Amino acid sequence: MNFELPLFQCAADDPRVELFRRLLRQRGWLTAREVLLALDIEDGEANRRQVRAWAHACGADVVKGQRGFNLLENLRAKNELDDALRAAHQAEAQGREMIEYALALKRRLHALVG
């Protein structure tokens, strides 16, 4: 079962995803706040979540890291490639943590319901 709110889901062919890609192609590293400002969209947590949904819809074409978002194709300098590798390691670590949590929760639920 998936309880994620559809409000923050986004298909890869959504026109806003292409707009997001074009913005990153032109400007490089941008935070969610900077994306919203550039698109003249009110800054707020819900809209920042929407930006993250656009980035997710782009898959590995977009690097999501401490510096914000950027297109992988934009990265040239070694420090930028290092940032992308760090982002990949962070995503792996978060994934492992999420899986560990899910398994622990399922064990606890199984103990409650049998």
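Residues numbered from 1 in each chain as written. Predicted model: local features only at pLDDT ≥ 70, side-chain atom pairs only at ≥ 80, totals over all residues. Heavy atoms only, no water.

Structural notes on the nonpolar core
Heads up, the condition is: Throughout, nonpolar core names a set of buried Ala, Val, Leu, Ile, Met, Phe, Trp, Tyr and Cys residues whose side chains join them through atoms within 4.5 Å. Working definition: with a 1.4 Å probe on protein chains only, accessible area under 20% of the residue-type maximum means buried, over 50% means exposed, and in between means partly exposed. Counting from the N terminus, the helices are the DSSP runs of H or I reaching at least four residues and the strands are the DSSP runs of E reaching at least two.
Of all hydrophobic cores here, the largest spans 18 residues; its most connected members are Phe-20, Leu-24, Val-35, Val-51, Trp-54, Val-62 and Phe-69. Secondary structure elements with two or more residues in this core: helix H1 (15–27), helix H2 (32–38), helix H3 (45–57) and strand E2 (68–71). A total of five residues in this core trace back to one element, the largest contributor, which is H3. Counting residues in hydrophobic clusters, the runner-up holds five residues, among them Trp-29, Leu-75, Ala-84 and Ala-87.

Examining the confidence of the model for the chain
Quick reminder of the rule: Per residue, pLDDT captures the predictor's confidence, and it can take any value from 0 to 100.
This prediction gives the chain a mean pLDDT of 92; 93% of its residues lie at or above 70. Taking the mean pLDDT of every element in the chain, the minimum, 95, falls on helix H4 (residues 78–113) and the maximum, 98, on H2.

Here's the deal with the layout of surface pockets
We count it as follows: In this analysis a 1.4 Å probe is tested at points of a 1 Å grid over the protein atoms alone, and where it fits but cannot get out there is a cavity; an open set with protein on both sides within 12 Å along at least five of seven lines is a pocket; lining residues have an atom within 4 Å of a point. Grid points are joined across faces, edges and corners, and a volume is the space filled by probe spheres set on the points. For this classification, the nonpolar set comprises Ala, Val, Leu, Ile, Met, Phe, Trp, Tyr, Cys and Pro, the charged set comprises Asp, Glu, Lys and Arg, and every other residue, Gly included, is treated as polar.
For the largest pocket, the calculated volume is near 600 Å³. If you go around the largest pocket, you meet 19 residues; those closest to its centre are Lys-64, Gly-65, Ala-87, Ala-91 and Gln-94. Of all elements in the fold, only strand E1 (62–65), E2 and H4 reach the threshold of two or more residues within the lining of the largest pocket. Of all the elements, H4 adds the most residues to the lining of the largest pocket, at eight residues. Classifying every residue of the lining of the largest pocket by side-chain character gives ten nonpolar, seven polar and two charged.

Describing a nonpolar patch on the surface
As a reminder, the rule being used: Patch criteria: residues need more than 30% relative accessible area and no salt bridge. Like-charged residues are merged within 9 Å; nonpolar side chains of Val, Leu, Ile, Met, Phe, Trp and Tyr are merged within 5 Å. Surface accessibility in these figures is a Shrake-Rupley result with a 1.4 Å probe; residues are shielded only by whichever protein chains are displayed. Salt bridge, as applied in this entry: a Lys or Arg side-chain nitrogen positioned within 4 Å of an Asp or Glu carboxyl oxygen.
Taken together, the side chains of Tyr-101, Leu-105, Leu-109, Leu-112 and Val-113 present a nonpolar region at the surface, about 570 Å² in accessible area. Tracing the backbone through its elements, the reader meets Val-113 in helix H4. Using a relative accessible area of 71% as the deciding quantity, one classes Val-113 as exposed.

Looking at the environment of Leu-75
Filter applied, for reference: Working rule for contacts: check all heavy atoms of both residues, and any pair within 4.5 Å makes them a contact.
Tracing the backbone through its elements, the reader meets Leu-75 in the loop between E2 and H4. In this structure the C-alpha to C-alpha distance between Leu-75 and Glu-45, which are 30 residues apart in sequence, comes to 28 Å. Not counting chain neighbours up to four residues away, the residues in contact with Leu-75 comprise Trp-29, Val-63, Asn-70, Glu-80, Leu-81 and Ala-84.

Focus on the environment of Ala-88
Checked against the element boundaries, Ala-88 lands in helix H4. In this structure the C-alpha to C-alpha distance between Ala-88 and Val-63, which are 25 residues apart in sequence, comes to 8.3 Å.

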